[in-house]
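# Coordinates in review
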Amino acid sequence: MGKNNFRVKSIKTKLILIMIALLGMTILLIWSMNELFLPAYYQYTKISMLEEYFSETGEIVGKDQDYNDGVGELSEESTLALEILSANNSANVYVFRMSEFFGNILYTFSYPASDKITDFQKERVKEKTLDYIYQMENYQNYYQGTKGRELIKETSNYSVCKVLDRRIGSYYLELFGKLDSGSFVYVNTNFQSMTENINIFNSFIFYAGLGVILFGAVVMVFVSSSFTKPVLKLTEIAKRMSELDFEVRYPVTTQDEIGVLGSSINTLSETLEKTISELKAANNELQKDIEEKTQIDEMRKEFLSNVSHELKTPIALIQGYAEGLYDNINDDSGSREFYCEVIIDEAGKMNKMVKKLLTLNQIEFGKNQISYEHFDITEVVRQVINSAALLAGQKGAVINMPVYDPVYVWADEYMVEEVVTNYISNAVNHVAGELRINVNIVKNEDVVRVSVFNTGKCIPEEELDKIWIKFYKVDKARTREYGGSGIGLSIVKAIMNSMNRQCGVINHEDGVEFWFELDIR
């Protein structure tokens, strides 16, 4: 978990650093572009403005027909238009005419008017005019000279130069051209302020950039948290999934990549939970199969051991008495008849035990198909009692059963008769004391309970669960005395299990009660 937290925090830090780096690079790029390209762009823009001023001046002057015909000065309308052009733009516009009189050049200022222009401005315009006219005749010498003037653009109508005013140490952009009417136009604008503007702008970018970076870092802390919190949640879910805890789910509230990932994690959790559940079920089934196989092997070994033990005594008796008959140990007919009766009796016991084993085997392995019928259980019990009455009378015991109305149940009649027979036979064989056997039928809502009670010794509590095991005998001597094999109660248990009903035994102070239940509905 520690590594996962470290990685998530690293992602958050990386996002913040990337944000700061991007902002810093953007600011640096803007600053670099200002330094490298803004002066050239500024100069290009200024030149375009000068050219636009020249064109507009030409249009204004060109519309003044009297002025162009040489009749008079610029009209008030033209003068006002030139004032607006000059005032609204950071440029000085001069419109004038030149004429030669006896070798001297005379200047007539149309705009600004002669009375509105200073002598210094007049001399400066005259100087510029001579410079430009001179350079037209001697271009190379002029521009390579010491005038501090750099020709930037030249057309048939005008020239644009970058000029250094050595007196004040500032650069200007100048345009000198001739209109179609013959008038000259001189326009100049300060170029030095551009450098100051760039420095101010770069300084502003630097401080503003620091503020933007700090603000961006703070914003990125919160923004990155909104990204890392879902990642942390998904990491915690993945950790719990690795610990086989599939109850937790990611709350999907968005349809972005995180939401899709959360949905996939939820689907994966559900699939893994289902798969592991199926694997556990399969493992349990496999474990049951292994246990069942082990149990079957143990039962087979125990069965062989018990059968061998149960058959050993009757086989030995039959063999001994048969050999006695063969050797004519006793010649009298009474002894031979006794020998034959013992052989027949032991063979009958063996036959009876084998039949019971076959019946038990068929029931336990499902070979004896259950056939459900609707029959009167009281009639079945009464018939079994009638059949066992003679045997009980020989022992001096009495079988009591109250008179019941017909009680119909759903079960296999033949198997139920086998259960009742085993219970009553078992009661007759173990009855003692008062020699009383009570049979009762108790009807409840959905089931009926049949119980057989006999007076006598109780079964030890630690052996109550064992009496249903094949060949198990509580009192081996007594069981042998009446010829029991220890299979009867095993058959009862197998029959009741095959019908998915209950059976059991209860100890009382004066005897033992065996019971079983059947469905009424």
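First, a word on what this report is: a plain description of the structure on this page. (Residues numbered from 1 in each chain as written. Predicted model: local features only at pLDDT ≥ 70, side-chain atom pairs only at ≥ 80, totals over all residues. Heavy atoms only, no water.)

### Some thoughts on the overall build of the protein chain
Each helix and strand counted, the protein chain has 13 helices and 13 strands in total. A total of 521 residues make up the protein chain; the buried ones form 36% of that total. Carbon and sulfur atoms provide 56% of the accessible area of the protein chain, an area that totals close to 31,600 Å². (Helix = DSSP H or I, 4+ residues; strand = E, 2+ residues; numbered from the N terminus. Buried < 20%, exposed > 50% of the residue type's maximum accessible area, 1.4 Å probe, protein only. Areas by Shrake-Rupley, 256 points an atom, 1.4 Å probe, with all protein chains shown as cover.)

### Remarks on the pairing of strand E11 (residues 447–455)
Two faces, one strand: in a regular strand the side chains alternate between the faces of the sheet. Within E11, eight of the nine residues are buried, which leaves it mostly tucked inside the rest of the structure. Direction of pairing for strand E10 (residues 436–443) relative to E11: antiparallel, over a ladder of seven bridges. In the strand pairing of E11, Asn440 is matched with Ser451. Counting the residues that bridge the hairpin from E10 to E11 gives three residues. As judged from the nine bridges shared by E11 and strand E13 (residues 511–519), these two strands associate in the antiparallel manner. In the strand pairing of E13, Val452 is matched with Phe514. (Pairing = 2+ DSSP bridges.)

### Concerning the pairing of E10
Pairing between strand E8 (residues 398–400) and E10: three bridges, direction parallel. Residue pairing for E10: Asn400 is matched across the bridge by Asn438.

### Some details on helix H11 (residues 413–430)
Here H11 contains 18 residues, and its C-alpha end-to-end distance of 26 Å stays within 8% of the 26 Å for a straight helix at 1.5 Å per residue. If you check which residues of H11 are buried, you get Met415, Val416, Val419, Val420, Asn422, Tyr423, Ile424, Asn426, Ala427, Val428 and Asn429. Between a side-chain oxygen at the N-terminus of H11 and the backbone nitrogen of Tyr414 the separation is 3.1 Å; the capping residue is Asp412. (Expected span 1.5 Å × (residues − 1). Polar contact = N/O pair within 3.5 Å; in protein donor to acceptor, adjacent residues only side chain to side chain.)

### Comments concerning helix H10 (residues 377–394)
Over its 18 residues, H10 extends 26 Å from the first C-alpha to the last, a length consistent with the 26 Å expected when each residue adds 1.5 Å. If you look at H10, its biggest bend is around 40 degrees, right at Ala388. For H10, every residue scored as buried is listed here: Ile377, Thr378, Val380, Val381, Val384, Ile385, Ala388 and Ala392. Directly beyond the C-terminal end of H10, a positive phi value near 80 degrees is found at Gly396. (Bend = angle between axes of the 7 residues up to and from the residue.)

### Looking at the environment of Thr189
Residue position: Thr189 is located in strand E6 (residues 184–190). Residues in contact with Thr189, not counting those within four places in the same chain, are Lys46, Leu50, Ser90, Ala91, Tyr172 and Leu173. (Contact = heavy atoms within 4.5 Å.)

### Side note on the side chain of Asn438
Following the sequence through the fold, Asn438 ends up in strand E10. A polar atom in the side chain of Asn438 sits 3.3 Å from the side chain of Asn400. Not counting residues within four places of it along the chain, the set of residues in contact with Asn438 comprises Asn400, Ser451, Val452 and Phe453.

### A closer look at the packing of helix H2 (residues 38–63) against helix H4 (residues 76–87)
If you want to describe how two helices pack, look at the angle between their axes and the distance between the axes. Direction vectors running N to C along H2 and H4 enclose 170 degrees, while the axes themselves pass 10 Å from each other. Comparing their axes, H4 and H2 come out roughly antiparallel. In this structure, H2 crosses over H4, and the sense of that crossing is right-handed. Where H2 abuts H4, its residues Tyr53, Glu56, Thr57 and Ile60 lie against Ser78, Ala81, Leu82 and Leu85. Taken together, the residues of the contact of H2 with H4 sort by class into five nonpolar, two polar and one charged. (Axes fitted to C-alpha atoms, helices over the stretch in contact; angles between N-to-C directions. Parallel < 35°, antiparallel > 145°, perpendicular 65-115°, else oblique. Left-handed = near helix turned anticlockwise from the far one by under 90°. Nonpolar A, V, L, I, M, F, W, Y, C, P; charged D, E, K, R; others polar.)

### Brief notes about the packing of aromatic side chains
All chains considered together, the criterion is met by 10 aromatic pairs. Between Phe96 and Phe176 the ring centres are 6.4 Å apart and the planes differ by 45 degrees, which places this aromatic pair in the tilted class. Highlighted residues: Phe96 in strand E1 (residues 92–101) and Phe176 in strand E5 (residues 170–178), separated in sequence by 80 residues. You'll find Phe96 and Phe176 in the same group, each marked buried. Relative to Phe514, the ring of Tyr423 lies with its centre 5.4 Å away and its plane at 45 degrees, an arrangement referred to as tilted. (Phe/Tyr/Trp six-rings, centres within 6.5 Å; stacked < 30°, edge-to-face > 60°.)

### Brief notes about the nonpolar core
In this structure, Tyr423, Phe516 and Leu518 are the most contacted members of the largest nonpolar core, which totals 48 residues. At eight residues, H11 tops the list of elements feeding residues into this core. The residues touching Leu518, leaving out its near neighbours within four places in the chain, are Ile377, Val409, Ala411, Val416, Asp446, Val447, Val448, Met496, Met499 and Arg501. Residues Ile47, Leu82, Val95 and Val160 belong to the second largest nonpolar core, which totals 23 residues. (Core = buried A, V, L, I, M, F, W, Y, C linked by side-chain atoms within 4.5 Å.)

### Here's the deal with a nonpolar patch on the surface
Together, Leu29, Met33, Leu36 and Phe37 line one region of the surface with nonpolar side chains, adding up to about 450 Å² of accessible area. Secondary-structure assignment places Phe37 in the loop between helix H1 (2–36) and H2. (Patch = residues over 30% accessible without salt bridge, like charges linked within 9 Å, V, L, I, M, F, W, Y side chains within 5 Å. Salt bridge = Lys/Arg side-chain N within 4 Å of Asp/Glu carboxyl O.)

### Describing the environment of Thr455
You can see Thr455 is positioned in strand E11. Taking the relative accessible area as the measure of exposure, Thr455 reaches 2% and is therefore buried. Not counting residues up to four positions away in its chain, the partners in contact with Thr455 are His430, Val431, Ala432, Gly433, Glu434, Leu435, Arg436, Asp510 and Gly511. A distance of 3.2 Å separates a polar side-chain atom of Thr455 from the backbone nitrogen of Leu435.

### A look at the pattern of salt bridges
Evaluated as defined, the whole model comprises eight salt bridges. For Asp510, the salt bridge is made with Arg436, and the minimal N-O distance between the two is 3.4 Å. Of this pair, Asp510 sits in the loop between strand E12 (503–508) and E13 while Arg436 sits in strand E10, and the two are 74 residues apart along the sequence. Linking Glu517 and Arg449 is a salt bridge whose minimum nitrogen-to-oxygen distance equals 3.2 Å. Within this pair, whereas Glu517 is found in strand E13, its partner Arg449 is found in strand E11, the two being separated by 68 residues in sequence.

### Concerning the packing of H11 against helix H13 (residues 488–498)
The contact between H11 and H13 brings their axes to 9 Å, and the two run at 150 degrees. Judged by the twist between their axes, the crossing of H11 over H13 is left-handed. Between H11 and H13, the contacting residues are Met415, Glu418, Val419, Asn422 and Tyr423 on the first element and Gly488, Leu489, Ile491, Val492, Ile495, Met496 and Ser498 on the second.

### Focus on unusual backbone geometry
Only a minority of non-glycine residues have a phi that is not negative, and only a minority of peptide bonds are not trans. Between Tyr111 and the following residue, Pro112, the backbone shows a cis peptide bond with an omega angle of -10 degrees. Relative to the assigned elements, Pro112 resides in the loop between strand E2 (104–111) and helix H5 (119–137). Even without a glycine there, the phi angle at Leu435 is positive, about 55 degrees.

Taken by themselves, the reported measurements are silent on function.
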